[in-house]
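Now for the letters of each chain:
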Amino acid sequence: MRGVVHQNNIEEMSPIFNGVEITAQNIMMARSFLLCMEKGERSFGVASVSLFDKKLSTILNILGNLSITKSHKIAVVGRGLFDSKSAEYYDLIEELDFKRSKELSINIYSSNKGIDFIDFDELKEVGVSASKLLKSYDSLFWEIPSLDEIKRSPKSIYPYLVWLDRFSLVVDRESCPVEIDETISILNSLGVNTHSILD
């Protein structure tokens, strides 16, 4: 895989972008994903049963504390990435450039730090499979749809979920234990490993 550095060299690399919260927890979380990349895992998801949807901010905190070379191609796949509710996060990414991928026939927004942002709904609409996306990128970070949506549209969502290597689950004090268990159970049943529980 291109651009992954070994753990003992991580301090020599520069973060992908600046502005995210640099905490011991975020650094440890990012390094745990780096170890997974070194093992050959490429597709990671973040699910949430939190009162506030923190999937995108969690992904950006992982990437903002992740040190890899610029040749390592990363895409973030999410829902409503360009809605007003997501706008605050793009201050962390700085400039975004729009482009049309001829290879994938989808719209892509690229940051000046080399991370692409792709809308999940467009992927489904155009029919771009996860396997095809993995041919264009070294690593993918997915915003996993809500439990309710997975239940409503399993046929359109499962084909993407099965390509995840592992996932993290964001919870808070208001999270329903039944929803937590059910989310983990569904993803585990699809062969997706649980990476961490975040609060």
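For the structure, see preceding data.
Residues numbered from 1 in each chain as written. Predicted model: local features only at pLDDT ≥ 70, side-chain atom pairs only at ≥ 80, totals over all residues. Heavy atoms only, no water.

Caption draft 1: Expanded view of the overall build of the protein. When helices and strands are tallied, the protein shows 8 helices and 8 strands. Carbon and sulfur atoms make up 49% of the accessible area of the protein, which totals about 10,000 Å². (Helix = DSSP H or I, 4+ residues; strand = E, 2+ residues; numbered from the N terminus. Areas by Shrake-Rupley, 256 points an atom, 1.4 Å probe, with all protein chains shown as cover.)

Caption draft 2: How the structure looks around unusual backbone geometry. Its identity is not glycine, yet S105 carries a phi of approximately 60°, on the positive side. Examined against the element boundaries, S105 turns out to sit in the loop between β3 (96-101) and β4 (106-111).

Caption draft 3: Fine view of the side chain of D138. Within the element layout of this structure, D138 appears in the loop between α5 (130-136) and β6 (139-143). Looking at D138, the relative accessible area reads 6%, which means it is buried. A polar side-chain atom of D138 sits 2.8 Å from the main-chain amide nitrogen of K73. (Buried < 20%, exposed > 50% of the residue type's maximum accessible area, 1.4 Å probe, protein only. Polar contact = N/O pair within 3.5 Å; in protein donor to acceptor, adjacent residues only side chain to side chain.)

Caption draft 4: The nonpolar core, seen in detail. In terms of nonpolar packing, the biggest core is built from 32 residues, with I118, L123, L133, Y137, W142, I144 and L169 touching the most fellow members. Counting residues per element, this core draws most heavily on helix α8 (residues 177-189), at 4 residues. In this structure, C36, M37, I62 and L198 belong to the second largest nonpolar core, which totals 21 residues. (Core = buried A, V, L, I, M, F, W, Y, C linked by side-chain atoms within 4.5 Å.)

Just distances and angles here, no functional claims.
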